[in-house]
Each structure stands twice: as C-alpha cells, then as structure tokens.
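# Commentary on secondary and tertiary structure
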Amino acid sequence: MKKLSIAIDGPAGAGKSSVSKILAARLGYAYLDTGAMYRAVTYEAIERKLVDPEAVAAMAEALDMEVLPGQDGMHVITDGRDVTPFIRTPEVSGRVSEVSAIGRVRKAMVALQRKQAEKGGIVLDGRDIGTTVLPKADIKIFLTASVHIRAVRRFKELTEGHPEMTMEDVEKEISRRDYLDSHREISPLKKAEDAVLLDNGELTLEGTAEAIIRICRSKFPGFDA
Ligand code: CDP
Ligand code: CDP
C-alpha cells in the first residue's frame with residue numbers, strides 16, 4: 001500500500017494539529033503544521049516592525065525557513081533560529097490572518113509545503129491544503145466544531161499563560177480570525193468539494209483520529225493502520 005497524503009483543513013480550535021500529530025505518529029508519517037509557518041512569518045514581521053504588505057512579502061520571500069520534527073511537534077527555524085516558542089502568543093494570533101492574506105507570502109509558503117509533501121506519507125493541517133496546496137491529496141478532511149466548543153478548548157489552553165483573557169475574548173478572537181480567513185481573496189478557508197466534513201464537537205481527539213482512519217480504510221481498502 002502506498003503512503004498517503006492526508007489534508008486536514010478547518011477553523012481554529014477544531015483539533016487539526018492535535019489530531020494530525022496522533023495520525024502521523026500512528027501511521028509513521030511526517031506531519032506538517034502549515035499554520036506554524038504563517039505564524040513564524042508573522043512573528044518575524046512583528047520583530048522587524050514591518051507593517052507594509054510589500055515589505056512583509058519581501059521578508060517572507062527572503063526568509064530561510066526550515067521545518068523540523070521535534071518530540072513535542074513540529075519546530076520552525078527561521079534564519080537559523082528556532083522561533084517555535086514565540087509563535088503562539090495572542091500578539092501573533094492577532095496579526096497572522098492579515099499576514100497570511102498577502103499573496104506573495106502564501107506563494108512562498110505553498111512552495112515550501114509542496115516540497116515537503118512531494119514524497120507522500122504525510123499529514124498536513126491548515127486552511128487551504130485540500131483546495132490549493134495539494135488538490136490531489138489522497139484524503140481530504142474538513143474538521144470543524146461549533147465556535148463555542150472551539151473557544152472553550154482554546155480557553156482551557158490559554159488560561160495558564162494569559163489569565164487576563166476571558167472566555168468571551170477568546171470566542172471573539174476565534175470568530176474574527178475565522179471570518180478573515182474565510183473571506184480573504186486568495187485561498188480562503190473553505191471545504192474542498194471532495195473533502196469529508198467531520199464535526200468533532202462530540203468526539204475526543206482519539207475518536208477523531210479513529211474516524212479519519214476509518215475514512216482512509218473505506219477509500220483505500222488495503223490501508224493498514
Ligand atoms: O492553531 P490555529 O487554528 O489557531 O491556527 P493555525 O493553524 O496555527 O493557523 C494560524 C493562521 O495561519 C490562520 O488563522 C490562518 O490565517 C493562517 N493559515 C493559512 O492562511 N493557511 C494555512 N494553510 C494555515 C494557516
Ligand atoms: O489545530 P487546531 O487549531 O485546529 O486545534 P488544536 O490546537 O489541535 O486543538 C485545540 C485544543 O482543543 C487542544 O487543546 C486540543 O487538545 C483540544 N481538543 C479537544 O480537547 N478535543 C477535540 N476533539 C479537539 C481538540
């Protein structure tokens with residue numbers, strides 16, 4: 001059985017990265033968190049105080065970005081520095097949709113993503129994997145849950161580091177980012193026509209990974225996991 005390419009798209013807090021990690025570990029596949037790449041570009045733009053989209057685009061095109069597997073998930077290295085610990089702050093989350101809407105930034109990231117995925121045996125999570133990055137992915141999942149459920153999940157994660165944030169703030173921020181990501185001109189967040197819609201509002205992470213494995217088995221009868 002050939003190794004599959006599995007695309008998992010969906011809004012913030014749907015469980016994409018957690019489920020992708022479980023799947024990649026179980027299948028012995030690579031894992032690519034494409035959101036972390038856009039977050040790293042955003043972090044660099046903030047660090048360099050770049051606001052003009054042209055300047056952000058030029059920086060992204062010149063950035064030497066490497067993605068490496070780590071024990072705790074994927075690490076992003078930009079110009080030789082591991083920026084992974086800095087890319088999930090509220091400040092980066094607040095600007096990432098604006099940066100990821102820039103066409104030249106997307107072009108640079110998509111080229112890197114396709115290169116990583118060219119050999120198959122990989123799980124990619126993001127917003128436009130099934131529609132743009134890998135339109136021929138073997139398996140396409142659009143993972144979602146209600147905005148309230150997703151906000152509760154994110155709130156639980158954030159309370160330790162950011163006690164000032166309320167549940168209402170988190171829900172507003174998630175809704176804002178979903179809106180921007182779904183309404184941008186280039187490669188908006190959208191279910192690919194041939195993607196399977198999976199609402200995991202009532203499922204655990206393990207249960208979600210199991211549901212995706214069943215989808216793989218039903219499409220590829222020789223699939224072994
Ligand atoms: O983990 P969370 O859902 O909060 O977000 P993420 O996957 O880390 O992605 C952060 C942001 O990057 C998204 O809100 C999008 O603006 C952007 N993104 C994108 O445009 N295309 C992708 N393939 C992945 C992420
Ligand atoms: O990558 P994405 O933004 O789609 O979501 P995530 O970062 O994988 O998941 C957000 C949070 O929700 C994590 O703390 C997950 O453990 C949790 N989660 C959950 O408890 N149950 C699910 N079915 C999905 C996510």
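As a reminder, the structure under discussion sits directly above these lines.
Let us look at the structure shown here.

Procedures and definitions
Residues numbered from 1 in each chain as written. Chains lettered and ligands numbered in written order. Predicted model: local features only at pLDDT ≥ 70, side-chain atom pairs only at ≥ 80, totals over all residues. Heavy atoms only, no water. Helix = DSSP H or I, 4+ residues; strand = E, 2+ residues; numbered from the N terminus. Rg over C-alpha atoms; globule rule 2.2 N^0.38 Å. Buried < 20%, exposed > 50% of the residue type's maximum accessible area, 1.4 Å probe, protein only. Contact = heavy atoms within 4.5 Å. Areas by Shrake-Rupley, 256 points an atom, 1.4 Å probe, with all protein chains shown as cover. Pairing = 2+ DSSP bridges. Axes fitted to C-alpha atoms, helices over the stretch in contact; angles between N-to-C directions. Near = heavy atom within 4 Å. Polar contact = N/O pair within 3.5 Å; in protein donor to acceptor, adjacent residues only side chain to side chain. Nonpolar A, V, L, I, M, F, W, Y, C, P; charged D, E, K, R; others polar. Salt bridge = Lys/Arg side-chain N within 4 Å of Asp/Glu carboxyl O.

### Some remarks on the overall build of the chain
Counting secondary structure elements, the chain contains 9 helices and 8 strands. A compact globule built from 225 residues would reach a C-alpha radius of gyration of about 17 Å, and the chain, at 17 Å, matches this within 12%. Projected onto its principal axes, the C-alpha coordinates of the chain cover approximately 50 × 40 × 35 Å. Counting the 225 residues in the chain, one finds 49% classified as buried. In the chain, 74% of the contacts between residues at least 6 apart in sequence involve partners at least 24 apart. By element, 54% of the accessible surface of the chain is carried by carbon and sulfur atoms, the whole surface being about 11200 Å².

### Side note on the sheet that holds strand E6 (residues 122–126)
Ordered in space as E2-E6-E1-E7-E8, the 5 strands form an open sheet in which the pairing is parallel. Unpaired on one side and paired on the other, strand E2 (30–33) and strand E8 (196–199) mark the two borders of the sheet. For this sheet, the mean inter-axis angle between neighbouring strands, taken without regard to orientation, is 20°. Here strand E7 (residues 139–144) pairs with E8 via 4 bridges, running parallel. Paired with Phe142 across the two strands is Leu197, which belongs to E8.

### Considering the sheet that holds strand E5 (residues 81–82)
Strand pairing in a sheet is mediated by backbone hydrogen bonds. Such pairs are either parallel or antiparallel. Reading across from one edge, E3-E4-E5 is the order of the 3 strands in this open sheet, with antiparallel pairing throughout. Each having just a single partner strand, strand E3 (65–70) and E5 make up the two edges of the open sheet. Looking at chain direction, E3 and strand E4 (residues 73–78) are connected through 6 bridges and run antiparallel. By the bridge assignment for E4, Glu66 is matched with Ile77. Strand contacts of helix H2 (residues 34–47): E3, E4 and E5, with the helix running at about 35° to E4, the strand carrying the most contacts.

### Focus: the site of ligand 2
By nearness alone, 15 residues border ligand 2, and Gly13, Lys16, Ser18, Glu157 and Leu203 come closest of all. In this structure, an oxygen atom belonging to ligand 2 sits 2.9 Å away from a main-chain N or O atom of Gly15. Between ligand 2 and the protein, one listed contact pairs an oxygen atom with a backbone N or O atom of Ser17 at 2.9 Å. Here ligand 2 loses 80% of its free accessible area of 540 Å² to cover by the protein chains. Breaking the shell around ligand 2 down by element, the ones donating at least two residues are helix H1 (16–27) and helix H7 (147–158). Split into classes, the residues belonging to the shell around ligand 2 amount to 5 nonpolar, 6 polar and 4 charged.

### A word on the pattern of salt bridges
Close approach of charged atoms allows side chains with opposite charge to pair. One pass over the structure, following the stated rule, counts 16 salt bridges. Close ionic contact of Asp33 with Arg88 constitutes a salt bridge, the shortest N to O distance being 3.0 Å. Of this pair, Asp33 sits in strand E2 while Arg88 sits in the loop between E5 and helix H4 (90–100); the two residues are 55 residues apart in sequence, bridging distant segments of the chain. For Asp33, a relative accessible area of 10% translates into the label buried. Between Arg176 and Glu173 there is a salt bridge, with the nearest N and O atoms lying 3.4 Å from each other. In this pair, Arg176 and Glu173 both sit in helix H8 (residues 167–183), 3 residues apart, roughly one turn of the helix. Several salt bridges share partner residues, and in doing so they unite Glu44, Arg48 and Asp79 into one network.

### As for unusual backbone geometry
You will see that Lys49, though not glycine, has its phi angle at about 55°, which is positive. Within the secondary structure, Lys49 is located in the loop between H2 and helix H3 (53–62). At Ser187, a position not held by glycine, the phi torsion is positive, near 45°. Here Ser187 is to be found in the loop between H8 and E8.

### What to know about the site of ligand 1
Neighbouring ligand 1 are 18 residues; Arg39, Arg106, Arg154, Arg177 and Asp181 lie closest to it. Between an oxygen atom of ligand 1 and a side-chain N or O atom of Arg127, the distance comes to 3.0 Å. A distance of 2.7 Å separates an oxygen atom of ligand 1 from a polar atom in the side chain of Arg154. Alone, ligand 1 offers 530 Å² of accessible surface; in the complex the protein occludes 97% of this. No other element matches the 4 residues that H2 contributes to the shell around ligand 1. Tallied by class, residues from the shell around ligand 1 come to 3 nonpolar, 6 polar and 9 charged.

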